[in-house]
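So you can see what is in the structure, the chains are spelled out below.
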Amino acid sequence: TMTIKCKKCSTPSIIYQPYSGLHLCEKHFYEDLERKAKLTLRQRYPIKKNDVIAVALSGGKDSSVALLLMHKIFGNRPDIRIVAITIDEGIAGYRNESIARAKELTARLGIEHIVKSFREEYGKTMDDITSEKKLMENHFGDEKKELGACSYCGVLRKKILNVVARDIGATKLVIGHNLDDEAQTVMLNHFRGDVERMVRFSAANELDGFIVRVKPLRKIPEKEIALYAYLHDLPMELTSCPHSFGALRKEVRRMLNGFEVNHPGTKYSLVRGFDNMVPLLAAGLEVSDIRNCEICGEPCNDSICQACKMLEKSI
Ligand code: SF4
Ligand code: ZN
């Protein structure tokens, strides 16, 4: 027969993992993915008694899977509170849809849900910012940095997430980054030659003044997250953001996907190697002190935080 069977039982397989050589059925695929997420949590971000877990929920597949997993793993722990936080960046034709899906999902799981917008926090939307962007690029022009929409969006979103998470007393902030995202970021940091940023990116603790960022999906390939989301009828990104990713990340993504086809396990090795390297780097590096931004008071490593720099056109 043509049916390929699961390596762990005799049911038909629904997925092949080139990097492990395993064919898995639905049940064993779930088990495998959930085991990886739990292992990542245990090894890197142990959840403690009375933790308040905030989950950054965009309404896309990755953060939806992250929320579902946290709910599956910790949902019946009476001492642990899970709260989803969605940020409305104000991107016409894109965010409204994903916010609706985020609301559906939290209602379905019975999870508390907070929605905050760029407009209410900053007085402007991402769409406003991208139309002003030409102006702002001049301020960074001396550094010859290519700051795409996603740089602004990411910094400004991270700030609101941190403020809201702190306001509700969160002790952890779950982010849906998957293996592909992590591997791309590792490569990008290498390409930029930015060692301090590598260490900072990896700091899984309060040292940087931010709430501990937890990434349960960082060892799980994007394709598998997509399949898991599909099989659980979770939101799938059907529309894409009009302010697309930076050109460099796109290139790196394409390159890594090519490597993964020819050399399965490349993304995983990149992330693992990076994890092993960071403690060695951190030991020999003076990471600048945490201060408070003179404008907003949020933690940063300069006199004015990146978000305020981005928002202050007149700096
Ligand atoms: Fe923001 Fe970039 Fe994501 Fe669009 S693609 S929502 S600009 S981070
Ligand atoms: Zn099976």
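What you see is a predicted model; the values in this text were computed from it and never measured.

Undergrad: Would you explain unusual backbone geometry in this entry?
TA: As a rule of thumb, non-glycine residues mostly have phi less than zero, and peptide bonds are mostly trans rather than cis. The phi dihedral of Asn-50 is positive, around 65°, even though this residue is not glycine. Position of Asn-50 among the secondary structure elements: in the loop between helix H1 (26–44) and strand E3 (52–56).

Undergrad: How should the coordination of the zinc ion (ligand 2) be read in this particular structure?
TA: For a metal with four donors in a tetrahedral arrangement, the ideal angle between donors is 109.5 degrees, while six donors in an octahedron ideally sit at 90 or 180 degrees. Each protein donor to the zinc ion (ligand 2) is listed here as Cys-6 (SG), Cys-9 (SG), Cys-25 (SG) and His-28 (ND1); together their distances run 1.9 to 2.4 Å. Each of the four donor atoms bound to the zinc ion (ligand 2) contributes to angles spanning 103 to 114°, and the resulting shape is tetrahedral.

Undergrad: Is there a simple way to think about the sheet that holds E3 in this case?
TA: Picture the strands of a sheet paired through backbone hydrogen bonds; they go either parallel or antiparallel. With parallel pairing, five strands are arranged side by side in an open sheet as E5-E4-E3-E6-E7. Of all the strands in the sheet, just strand E5 (112–117) and strand E7 (213–214) have a single pairing partner and so form its edges. Helix H3 (residues 95–109) contacts strand E4 (81–88) and E5 of the sheet and is inclined by roughly 165° relative to E4.

Undergrad: Help me out: how do you make sense of the layout of surface pockets in this one?
TA: Unoccupied space between atoms shows up once a probe the size of one water molecule is rolled over them. For the second largest pocket, the calculated volume is near 480 Å³. Surrounding the second largest pocket, 21 residues form its lining, Tyr-19, Pro-221, Lys-223, Glu-260 and Lys-267 being those nearest its centre. When contributions to the lining of the second largest pocket are tallied by element, the ones reaching two or more residues are strand E1 (15–17), helix H7 (179–192), helix H9 (222–231), helix H10 (247–262) and helix H11 (266–283). Among the elements that take part in the lining of the second largest pocket, H10 stands out by supplying four residues, more than any other. Considering only residue class, the lining of the second largest pocket consists of nine nonpolar, three polar and nine charged.

Undergrad: What am I meant to see in the pattern of salt bridges here?
TA: Under the definition given, this model contains 20 salt bridges. What you see here is one network of salt bridges that share partners, running through Arg-44, Glu-182, Lys-215, Arg-218 and Asp-275.

Undergrad: Would you mind showing me how to read H1 here?
TA: Spacing of three or four residues puts side chains on the same side of an α-helix, whose turn is 3.6 residues. Between its first and last C-alpha, H1 extends 27 Å over 19 residues, near the 27 Å set by a 1.5 Å rise per residue. Taken together, the buried positions of H1 are occupied by His-28, Phe-29, Tyr-30, Asp-32, Leu-33, Glu-34, Lys-36, Ala-37, Thr-40 and Leu-41. Elements in contact with the buried residues of H1: E1, strand E2 (22–24), helix H2 (61–74), E7 and H9.

Undergrad: Can you help me understand the packing of H10 against H11 in this one?
TA: When two helices pack together, you describe them by how their axes are tilted relative to each other and by the distance separating the axes. The interhelical angle for the contact between H10 and H11, taken along N-to-C directions, is 115°, at an axis separation of 8 Å. With respect to their mutual orientation, H10 and H11 come out roughly perpendicular. Counting all contacts with H10, which are made through Leu-256, Asn-257, Phe-259 and Glu-260, the residues of H11 involved are Thr-266, Lys-267 and Leu-270. Among the residues forming the contact of H10 with H11, the class breakdown is three nonpolar, two polar and two charged.

Undergrad: What should I look at first to understand the nonpolar core in this one?
TA: Nonpolar side chains in soluble globular proteins generally cluster together in the buried interior. Within the largest apolar cluster, 38 residues are counted, with the highest numbers of intra-cluster contacts made by Ile-53, Val-65, Leu-67, Met-70, Phe-74, Ile-82 and Tyr-228. Contributing elements (two or more residues each) for this core: E2, H1, E3, H2, E4, H3 and H9. Residues contacting Ile-53, with those up to four places away along its chain left out, are Ile-47, Met-70, Phe-74, Ile-80, Arg-81, Ile-82, Val-83, Lys-172 and Val-174. Core analysis: the next-biggest nonpolar cluster, separate from the first, contains 33 residues, Ala-56, Ile-85, Ile-91 and Ala-170 among them.

What counts, and where the lines are drawn
Residues numbered from 1 in each chain as written. Chains lettered and ligands numbered in written order. Predicted model: local features only at pLDDT ≥ 70, side-chain atom pairs only at ≥ 80, totals over all residues. Heavy atoms only, no water. Helix = DSSP H or I, 4+ residues; strand = E, 2+ residues; numbered from the N terminus. Donors = N, O, S within 2.8 Å, 3.2 Å for Na, K, Ca; no water. Tetrahedral: all angles 85-135°; square planar, octahedral: opposite > 155°, others 65-115°. Pairing = 2+ DSSP bridges. Contact = heavy atoms within 4.5 Å. Axes fitted to C-alpha atoms, helices over the stretch in contact; angles between N-to-C directions. 1 Å grid on protein atoms, 1.4 Å probe; cavity = no way out; pocket = protein on both sides within 12 Å on 5 of 7 lines; lining within 4 Å. Points joined across faces, edges and corners; volume = space filled by probe spheres on them. Nonpolar A, V, L, I, M, F, W, Y, C, P; charged D, E, K, R; others polar. Salt bridge = Lys/Arg side-chain N within 4 Å of Asp/Glu carboxyl O. Expected span 1.5 Å × (residues − 1). Buried < 20%, exposed > 50% of the residue type's maximum accessible area, 1.4 Å probe, protein only. Parallel < 35°, antiparallel > 145°, perpendicular 65-115°, else oblique. Core = buried A, V, L, I, M, F, W, Y, C linked by side-chain atoms within 4.5 Å.

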